[in-house]
Amino acid sequence: VLRCLGIPTRVITNFNSAHDKNLNLSIDKYIDVSGNNLHLSEDSVWNFHVWNESWFIRRDLGSFYDGWQVLDATPQEKSKGIYQCGPASTRAIKEGDVNLDYDSPFVFAAVNADCVTWIRYSKKRKERIYSDTRKIGKFISTKAVGTNSRVDITANYKYPEVKEISFKISYSQYKNSLMDDRKILVTAV
């Protein structure tokens, strides 16, 4: 319909798409001390989810957020009392501006939520035992113009994941680096 009105629109597919039911920006799994799943969270991860993007000027949010906007024609959650999702700025999603209207936190979580496992010891005590920051939002794609090729647009939604580098440092090196930091702090004051 938007294309018929002359608004540029494209279909987007997000693989490993998070469904953050409680909008805490993480997909939570709870287990007991024996490792049994407690089914306390309605969060889930879908193999993929599809939505549309349309190109809008955002006078309501400011020109920083102009460009591609997420519109989901198949929302699974209510937003402001009705089933709707968007238009959420892809720029806002990438920058982590989750305090904006139009379901920005929900879309942010769909492409960038952390998957967190918790041990629940009691109703009042839980402990995070695992967090995967890379699982969600893989191969975010659209169709290329004029061909049936896939175009990876993941970089429109999130910054590249930082690679972890493991290294060893001796205590004396660590202690010396603390002394250097202290010198910098004193110099700055």
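Nothing here was measured: the structure is a model prediction, and the numbers come from that model.

### Let's talk about the overall build of the protein
Right, so step 1: When its secondary structure is counted, the protein shows four helices and eleven strands.
Right, so step 2: Evaluated residue by residue, the protein yields a buried proportion of 34% over its 189 residues.
Right, so step 3: Sequence-distant contacts, at least 24 apart, represent 55% of the contacts inside the protein between residues at least 6 apart.
Right, so step 4: Only carbon and sulfur atoms are counted for the fraction: they give 55% of the accessible area of the protein, which is about 12700 Å².

### Notes on the nonpolar core
Right, so step 1: Formed by 14 residues in total, the largest nonpolar core has its most connected members in Trp51, Ile93 and Tyr157.
Right, so step 2: Ignoring any residue separated from it by four or fewer positions in sequence, one finds Tyr157 in contact with Ile12, Trp51, Glu53, Val70, Thr90, Ile93, Lys94, Val111 and Ile140.

### Focus: the pairing of strand 10 (residues 138-143)
Right, so step 1: Taken together, the two bridges between strand 1 (residues 9-19) and strand 10 define a ladder with antiparallel strand orientation. If you follow Thr13 over to strand 10, its bridge partner there is Ser141.
Right, so step 2: Bridging between strand 10 and strand 11 (residues 150-152) involves three bridges; their strand directions are antiparallel. Opposite Lys143, over in strand 11, you have Arg150 as the bridge partner.
Right, so step 3: The hairpin formed by strand 10 and strand 11 contains six residues between the paired strands, and Gly146 there has a positive phi angle of roughly 85°.

### Details of the packing of aromatic side chains
Two numbers describe a pair of aromatic rings. These are the distance of the centres and the angle of the planes.
Right, so step 1: Applying the stated rule across the entire model yields five aromatic pairs.
Right, so step 2: Aromatic pair Tyr30 and Trp118: ring centres 6.4 Å apart, planes at 15°, arrangement stacked. Here Tyr30 is found in strand 2 (residues 26-31), whereas its partner Trp118 is found in strand 8 (residues 114-120), with 88 residues between them in sequence.
Right, so step 3: Between Phe64 and Tyr65, the ring centres sit 5.0 Å apart and the planes meet at 90°, which makes this aromatic pair edge-to-face.
Right, so step 4: Note on Phe64: relative accessible area 37%, which makes it partly exposed.
Right, so step 5: Between the NZ or CZ atom of Arg58 and the centre of the ring of Tyr102, over which it lies, the distance is 4.9 Å.
Right, so step 6: The lysine or arginine in question, Lys94, covers the ring of Tyr159, its NZ or CZ lying 4.6 Å from the ring centre.

### Some words on unusual backbone geometry
Right, so step 1: Residue Pro87 is reached from Gly86 by a cis peptide bond, and omega for that bond is 0°.
Right, so step 2: Inspection of the secondary structure puts Pro87 in the loop between strand 6 (82-83) and strand 7 (88-89).
Right, so step 3: Its identity is not glycine, yet Asn16 carries a phi of approximately 55°, on the positive side.
Right, so step 4: By the element assignment, Asn16 lies in strand 1.
Right, so step 5: Of note, Asp103 is a non-glycine position whose phi angle comes to about 70°, a positive value.

### Points about empty space enclosed by the protein
Right, so step 1: This model, assessed by the stated rule, comprises one cavity of 30 Å³ or more.
Right, so step 2: His49, Trp51, Asp72, Phe106 and Ala110 are, among the 15 residues lining the largest cavity, the residues nearest its centre.
Right, so step 3: Counting residues per element, the ones that place at least two in the lining of the largest cavity are strand 1, strand 3 (44-56) and helix 2 (104-112).
Right, so step 4: Here the residues of the lining of the largest cavity are counted per class, giving nine nonpolar, five polar and one charged.

### Regarding the environment of Val107
Right, so step 1: Mapped onto the elements, Val107 comes out in helix 2.
Right, so step 2: In sequence terms Val107 and Ala88 are 19 residues apart; their C-alpha atoms lie 7.4 Å from each other.
Right, so step 3: Apart from the residues within four sequence positions on either side, Val107 is in contact with Val70, Cys85, Ala88 and Ile93.

Calculation notes
- Residues numbered from 1 in each chain as written.
- Predicted model: local features only at pLDDT ≥ 70, side-chain atom pairs only at ≥ 80, totals over all residues.
- Heavy atoms only, no water.
- Helix = DSSP H or I, 4+ residues; strand = E, 2+ residues; numbered from the N terminus.
- Buried < 20%, exposed > 50% of the residue type's maximum accessible area, 1.4 Å probe, protein only.
- Contact = heavy atoms within 4.5 Å.
- Areas by Shrake-Rupley, 256 points an atom, 1.4 Å probe, with all protein chains shown as cover.
- Core = buried A, V, L, I, M, F, W, Y, C linked by side-chain atoms within 4.5 Å.
- Pairing = 2+ DSSP bridges.
- Phe/Tyr/Trp six-rings, centres within 6.5 Å; stacked < 30°, edge-to-face > 60°.
- Lys NZ or Arg CZ within 6 Å of the ring centre and 35° of its normal.
- 1 Å grid on protein atoms, 1.4 Å probe; cavity = no way out; pocket = protein on both sides within 12 Å on 5 of 7 lines; lining within 4 Å.
- Points joined across faces, edges and corners; volume = space filled by probe spheres on them.
- Nonpolar A, V, L, I, M, F, W, Y, C, P; charged D, E, K, R; others polar.

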